[in-house]
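# Coordinates in review
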Amino acid sequence: MTKTARPSKLVDTRIILCGDNLEQLPKIPNESVDLIYIDPPFNSNRNYEVFWGEAREKRSFEDRHASTQAYLDFMRPRCVELHRVLRPEGSFFFHCDWHASHYVKVMLDQIFGESHFRNEIVWCYTGPGSPGIKQFLRKHDVIFWYSKSSTKWTFNADAVRIPHHEKTKANYKPGLEGSGFMEADHVIHESGKVPEDWWNIAIAPRSKQEYLGYPTQKPLKLLDRIVRAASNENDIVLDAFCGCGTALRAAQDTNRQWIGIDISPTACRVMAKRLRDECGLPENEKLWLSGRGFIVRDLPWTEEKLRKIPPFEFENWAVIALGGIPNKAQVGDMGIDGRIYPISSMPQSSGKAAGELDFMDVWYPVQVKQMDKVGRPDIDKFEAAMMRERRTKGFFIAFDFTSEALREIDQFFRREHRIIIPLTVREILEDSLAKKLV
Ligand SMILES: C[S@@+](CC[C@H](N)C(=O)[O-])C[C@H]1O[C@@H](n2cnc3c(N)ncnc32)[C@H](O)[C@@H]1O
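Keep in mind the model is a prediction, meaning the values are calculated, not measured.

To continue, consider the overall build of the protein. Scanning the protein from N- to C-terminus turns up 16 helices and 16 strands. A buried classification covers 50% of the 438 residues belonging to the protein. Considering only intrachain contacts with a sequence separation of at least 6, the fraction spanning at least 24 residues in the protein is 71%. As displayed, the protein offers around 21,700 Å² of accessible surface, 53% of which is attributable to carbon and sulfur atoms.

Below is the structure:
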């Protein structure tokens with residue numbers, strides 16, 4: 001059974017808003033939200049970063065300082081808005097890493113006040129090493145916790161206690177925590193101890209069911225601890241950069257109200273599917289109005305709208321939706337409408353500015369057809385373009401493909417060992433895109 005918490009009178013909840021949070025946040029009233037968690041991408045105006053994995057280390061074509069400053073300039077007005085919507089006793093969690101954490105702390109001290117700083121939580125995890133690396137592996141993130149008030153905030157110690165080891169229990173006698181310190185006389189809380197400010201939690205593993213194919217997905221266990229510790233049942237949890245919706249899932253699981261904002265329509269669809277599949281929550285306006293279910297608002301495109309827009313606009317939409325760059329020339333595209341530059345191909349120090357990406361040779365062609373039945377001749381043309389450009393992988397976007405077209409894609413792979421990935425508009429709008437791209 002799906003649990004439903006009471007709807008808020010102040011603000012619409014159980015809602016995903018698609019759009020830039022700087023435009024969506026002004027719709028949320030002052031002091032209406034109890035807990036905010038954000039996990040913004042370091043370089044947030046790059047859609048493809050979301051889909052093509054950890055771009056961060058590879059972005060050396062941009063000056064580090066300039067990009068840190070750009071990041072802070074981007075984040076500051078958003079954090080000011082988030083501070084505004086936070087209730088007087090509410091809490092704010094900012095998830096970041098070594099790229100900008102020190103600068104973020106200074107910025108948040110200015111917005112919230114130094115005495116409102118509660119914790120610097122270090123989330124530690126492990127992962128594979130890199131051969132030849134000349135420094136320690138960077139395997140932790142930082143989560144800054146600020147409370148809106150400097151004196152009063154929610155902290156549910158009992159909801160997050162970690163059970164004591166049997167050995168510890170044998171040595172210590174139960175009682176009230178903190179009232180003793182000598183071994184054998186030390187009194188400890190029976191139901192476990194409050195966790196330290198460093199958390200050892202495994203990253204959402206690709207092999208496990210929890211992994212949705214979204215590269216920046218955070219583990220549910222991490223969000224569950226934050227939500228349980230810093231909010232109560234029925235409280236409103238807001239994630240303004242919510243990706244595939246881990247914070248929303250944690251809020252729903254623990255019977256909180258929630259609001260999610262994300263600029264990527266694909267992310268919004270991925271998380272809607274997650275809430276439906278994993279929480280059994282119906283996506284239905286009528287049920288939502290009657291206090292059950294959830295809705296997604298402000299999605300920019302529907303399949304119906306996309307059928308009607310001019311072809312070049314459609315091509316742009318499709319290529320950008322994949323994180324690619326549309327061809328500048330609108331005629332004579334020779335069978336290629338756009339290019340995707342996988343992040344792994346970014347040169348370490350080419351000295352090229354963004355916009356000079358043409359110099360890179362690793363790119364995947366994208367072909368777009370605003371039609372229903374892409375047939376074998378269309379695929380043949382794209383294959384010719386891929387052979388001419390010596391590309392090993394390409395994307396073909398349309399409303400639908402005939403079975404002959406799909407068979408030809410298969411044969412092309414057998415013949416030439418080159419991959420064409422057919423993508424339907426529905427897949428881009430709906431849920432399966434992220435999985436197909438990783
Ligand atoms: C690092 S991901 C968040 C991952 C999330 N914590 C999870 O576990 O799935 C950051 C998200 O912020 C979104 N984003 C970037 N800029 C945004 C903006 N201006 N407004 C709203 N969302 C934005 C991206 O589309 C991306 O999905």
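Back to the write-up after that little detour.
What follows covers helix α4 (residues 101-112). In this model α4 runs 16 Å from its N-terminal to its C-terminal C-alpha over 12 residues, within 8% of the 16 Å that 1.5 Å per residue would give. Among all positions in α4, only S101, V104, M107, L108, D109, I111 and F112 are buried. Phi turns positive, to about 100°, at G113, one or two residues after α4.

Before going further, it helps to spend a moment on the packing of aromatic side chains. Tallied over the entire structure, the rule returns 15 aromatic pairs. On the basis of an interplanar angle of 35° and a centroid distance of 5.9 Å, the ring pair of F314 and W317 is categorised as tilted. Separated by three residues within a single helix, F314 and W317 lie in helix α12 (residues 311-321), roughly one turn from each other. Here the two residues F314 and W317 agree in accessibility, since each one is buried. An aromatic cluster of three or more residues is present, and its members are F92, F94, F112, F117, F144 and Y146. Here the guanidinium or amino end of K105 rests over the ring plane of F117, the centre of that ring lying 4.3 Å away. Taking NZ or CZ as reference, R339 lies 3.8 Å from the ring centre of W363, over its face.

We now examine the pairing of strand β14 (residues 364-368). For β14, the buried fraction is high: five of the five residues fall into the buried class. The two faces of β14 match: Y364, V366 and V368 on one face and P365 and Q367 on the other face are all buried. In the sheet, strand β13 (residues 338-340) pairs with β14 via three bridges, with the strands oriented antiparallel. Counted as the bridge partner of G338 is V366 from β14. In the sheet, β14 pairs with strand β15 (residues 393-398) via three bridges, with the strands oriented parallel. Bridge pairing links V366 to F395 in β15.

Even without glycine at this site, E31 takes up a positive phi of about 45°. Among the secondary structure elements, E31 is positioned in the loop between α1 (21-24) and β2 (33-38). Residues other than glycine seldom take positive phi values, yet N234 does so here, at roughly 75°. Position of N234 among the secondary structure elements: in the loop between α7 (220-230) and β9 (236-239). Since its relative accessible area comes to 24%, N234 is described here as partly exposed.

What follows concerns the pattern of salt bridges. Counted according to the given criterion, the structure contains 29 salt bridges. With its nearest N and O atoms 2.9 Å apart, the salt bridge here joins D109 to K105. Within this pair, D109 and its partner K105 are both found in helix α4, separated by four residues, close to a single helical turn. Taking the relative accessible area as the measure of exposure, D109 reaches 15% and is therefore buried. Salt bridges sharing common partners tie together R376, D380, E383, E408 and R415.

Our next topic: the side chain of S101. Note that S101 resides in helix α4. Not counting chain neighbours up to four residues away, the residues in contact with S101 comprise C96, V142 and F144.

Turning to the sheet that holds strand β4 (residues 117-124), a few remarks are in order. Backbone hydrogen bonds hold the strands of a sheet together, and the pairing may be parallel or antiparallel. The strand order across the open sheet built from nine strands is β8-β4-β5-β3-β2-β9-β10-β1-β11, with neighbouring strands paired in mixed fashion. Looking at the sheet topology across the chains shown, the edges are occupied by β8 (198-200) and β11 (295-297). When strand polarity is set aside, the average angle formed by the axes of neighbouring strands in this sheet is 20°. Here six bridges tie strand β3 (residues 86-96) to strand β5 (residues 140-147), and the two strands are oriented antiparallel to one another. Among the inter-strand pairings, S91 is bridged to a residue of β5, identified as S147. Contacting β3, β4 and β5, α4 crosses the sheet at an angle of about 5° to β5. The strands touched by α7 within the sheet are β2, β3, β4, β5, β8 and β9, with β2 carrying the most contacts at an inclination of about 155°.

About the cut-offs
Residues numbered from 1 in each chain as written. Predicted model: local features only at pLDDT ≥ 70, side-chain atom pairs only at ≥ 80, totals over all residues. Heavy atoms only, no water. Helix = DSSP H or I, 4+ residues; strand = E, 2+ residues; numbered from the N terminus. Buried < 20%, exposed > 50% of the residue type's maximum accessible area, 1.4 Å probe, protein only. Contact = heavy atoms within 4.5 Å. Areas by Shrake-Rupley, 256 points an atom, 1.4 Å probe, with all protein chains shown as cover. Expected span 1.5 Å × (residues − 1). Phe/Tyr/Trp six-rings, centres within 6.5 Å; stacked < 30°, edge-to-face > 60°. Lys NZ or Arg CZ within 6 Å of the ring centre and 35° of its normal. Pairing = 2+ DSSP bridges. Salt bridge = Lys/Arg side-chain N within 4 Å of Asp/Glu carboxyl O. Axes fitted to C-alpha atoms, helices over the stretch in contact; angles between N-to-C directions.

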